[in-house]
Each structure stands twice: as C-alpha cells, then as structure tokens.
Amino acid sequence: MACITTGNKNNFMRFNKVSGSLTLAQLQANGLPSVCDNVTSGWDVSQAAFLASFSVATEDTIPSDVFMKPDGSKAYLVGSNNARVYEYDVTNWDVTTAVINQNYNPSQPISAIYFKPDGTKMYLLASPNIREYDLSTAWDVSTSVFNQAYNAVAQGQQTSLFFRSDGLKMYTSSTTNETIEEYTLSSAWDVSSLSSTQSFSVTTWETSTFTVFFETNGERMYVLGFTGSILYEFNLSIAWDVTTAVISQNFDTSAQDTSPIGLFIRDDGFKMYTVGSANDSIYEYNL
C-alpha cells in the first residue's frame, strides 16, 4: 500500500490509502507524500503485474514486435506472416482501447520495429538487413519512404532493435550466436554509419534470445527469451556497455504467452508491453 496526504476544508490533513504503486507525478497530483511504502522507481521486473491483453490475430498470426508512441496514443505492430507494419490508435497507454488505423507494406517479413523519438524515422529489421525509413509526417506509417539499409549478416540471425535516444548507439539480439550485439553510429540515426563494436553472450540464461531493451539511462538491460518465456533484467556497471552486464533478476511471462517475442517499456519504467506468438496478443503490465 502507498500512503499520501491531502487537505480538505474540514481537516488540515487527511490520510488516504491507495493500493498499488504511485509515480511521483501521481503523488504530487494527490497531495504531499507522507510515510509511505511501495513507492517504486520503475524498471523493476520483480514488480511486473499483468493488466490486460489485446488480440492482434486479425492483423498477423505471427506477431514479432510492438512499439508505443512516447505519449501513449499509438501502438505499432510488426509480424512475419503478413509482413506489414500496423498502426493503432490507443487511449492513454491502454492496449484494450487499440483501434487499427492503417498499415504499411515493406514487402518483406519484419521481426522488429523502432522509431526515432520524434517519429520522423522508422527502423525495421528484416534480418540481416536493418532498414531505415523517413516519415514525412511524424508517426504516420503511410508516409514511410525507404532511405537505406545496413547488412548485419556478420552477426547472424537478429530478431530485435533498440536505439539509444541520441541515435549514436544501437543494439540487437542474435539468435544465431545467442548474444546481445552492440553497435556505434558515427552519424546519429544513420544506419549507413553503423559499426559493430562488442557483444554479450546470454547462453547461460537463454537458448533463443528474441528481444533486448534498455533503461533510459543505460544502466539496466532487459532480455526476453523465447524458449523459457523469461524476461531477464541485468545491471550494467558502465552505462550502455553490454560487456559489463550482470544478471539481477527475472520475470516469468508464460502465464500470458509461452512464446514471447517483442518487448517495450515506457520511458518512466512503470509500463511494460510484450507481444507473443502463442496467443497472437499484445500484453500490458504495470511495473
């Protein structure tokens, strides 16, 4: 339980019990915090609590990744069956409100999707190619125009994409090598400037690694495994350096889907989304 205080016209202060965890913004919106517990800082997979799901079987029966617009008003799905990028309208991060808006056909199976924070660039992984698209209207996939691609065949079959917010670092997961691959970009957000720098083996924990994601400050890394349906959380002693990763804890996602593939965590660390191919659904969690 979390405890907050608010005033009213009859009492100088009043204590209210609120179930669950509260963000700083929520505490401030309800008044000054008092002696409280379970006010979490986000990004903690041990706090993951399943909230809701949304079926995407109508769009693709082999969904592979999900991405959310930073304001929670849109969700994007890619899959390898129908080979399209699907754009949904969403209300306030709630996947159950998702309504299909439109789609874009890149003419090839896609295993991962990522957007530049301003929505003017989209990146699709059609392994071994990492494809860069320009969007003339931000976040509108119908305005996507292919720009260029980077061939990452040397790193094997790759299944996920993650970019640091400045566009100067990129990460993928390799199911061939069971590694997290780290790249640098000499020109921000320009895949033609990519160079592979180092990798981190996850064979101790997973034999079919599908997704990698990072905390916004680069101090934590998350790896979603397909074989065991486990989400692993690692601490990085040097931010953004995968070779410094040390296992911290994990979360079992099999209660929702036994074939988890895609992962997205909101930038405050309090919302998490996965996509699974066993039930063809997007799953929403609170952290």
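All of the points below concern the structure found in this document. (Residues numbered from 1 in each chain as written. Predicted model: local features only at pLDDT ≥ 70, side-chain atom pairs only at ≥ 80, totals over all residues. Heavy atoms only, no water.)

### A closer look at the overall build of the chain
Moving on, step 1. Counting its secondary structure elements, the chain contains one helix and 22 strands.
Moving on, step 2. For the chain, with 287 residues in total, the buried portion stands at 54%.
Moving on, step 3. Long-range pairs, those at least 24 residues apart, make up 44% of the contacts in the chain with a sequence separation of at least 6.
Moving on, step 4. Roughly 11700 Å² of accessible area belongs to the chain as shown, and the carbon and sulfur atoms make up 49% of that amount. (Helix = DSSP H or I, 4+ residues; strand = E, 2+ residues; numbered from the N terminus. Buried < 20%, exposed > 50% of the residue type's maximum accessible area, 1.4 Å probe, protein only. Contact = heavy atoms within 4.5 Å. Areas by Shrake-Rupley, 256 points an atom, 1.4 Å probe, with all protein chains shown as cover.)

### What about the pairing of strand 4 (residues 63-68)?
Consecutive residues of a regular strand have side chains that alternate between opposite faces of the sheet.
Moving on, step 1. By the criterion of burial, strand 4 is predominantly enclosed, with six of the six residues buried.
Moving on, step 2. If you look at the hairpin formed by strand 4 and strand 5 (residues 74-79), you'll find five residues sitting between the two strands, and Gly72 has a positive phi there, around 75°. (Pairing = 2+ DSSP bridges.)

### Topic: the environment of Ser195
Moving on, step 1. Along the chain, Ser195 turns up in strand 15 (residues 194-201).
Moving on, step 2. A residue is classified by how much of its surface remains accessible, and Ser195, at 33% relative accessible area, is partly exposed.
Moving on, step 3. Sequence spacing of Ser195 and Tyr183 is 12 residues, and the spatial spacing of their C-alpha atoms is 5.4 Å.
Moving on, step 4. The contacts of Ser195, once residues within four sequence positions are left out, are Glu182, Tyr183 and Thr184.

### Focus on the sheet that holds strand 5
Moving on, step 1. Spatial ordering of the open sheet is given by 4-5-6-7, a layout of four strands whose pairing is antiparallel. Strands at the two margins of the open sheet, each flanked by one partner only, are strand 4 and strand 7 (94-104). Strand-to-strand, the axes of this sheet are offset by a mean angle of 30°, without reference to chain direction.
Moving on, step 2. Where strand 4 meets strand 5, five bridges bridge the pair, whose relative direction is antiparallel. (Axes fitted to C-alpha atoms, helices over the stretch in contact; angles between N-to-C directions.)

### Description of the sheet that holds strand 17 (residues 220-225)
Where strands meet in a sheet, backbone hydrogen bonds hold them as pairs that are either parallel or antiparallel.
Moving on, step 1. Judged by pairing direction, the sheet is antiparallel, and its four strands sit side by side in the order 16-17-18-19 without closing on themselves. Edge positions in the sheet fall to strand 16 (209-214) and strand 19 (245-252), since each of these pairs with one other strand and no more. Between one strand axis and the next, the sheet turns by 25° as a mean value, whatever way the strands run.
Moving on, step 2. As judged from the five bridges shared by strand 16 and strand 17, these two strands associate in the antiparallel manner. The partner of Thr211 across the bridge, within strand 17, is Leu224.

### A look at the nonpolar core
The tendency in soluble globular proteins is for nonpolar side chains to be buried side by side.
Moving on, step 1. The biggest cluster of nonpolar side chains holds 77 residues, and the ones touching the most others in it are Met122 and Met221.
Moving on, step 2. Sequence-distant contacts of Met221, defined by excluding residues within four places in its chain, comprise Ile180, Phe200, Val212, Phe213, Phe214, Tyr232, Glu233, Phe234, Leu236, Val242 and Ala245. (Core = buried A, V, L, I, M, F, W, Y, C linked by side-chain atoms within 4.5 Å.)

### Quick notes on unusual backbone geometry
Moving on, step 1. Here the amide bond leading from Ser127 into Pro128 is cis, since omega sits at 10°, within 30 degrees of zero.
Moving on, step 2. Inspection of the secondary structure assignment puts Pro128 in the loop between strand 9 (121-126) and strand 10 (129-135).
Moving on, step 3. One non-glycine residue, Trp93, lies in positive phi territory at about 70°.
Moving on, step 4. Mapped onto the secondary structure, Trp93 falls in the loop between strand 6 (85-91) and strand 7.
Moving on, step 5. The class of Trp93 is buried, set by a relative accessible area of 8%.

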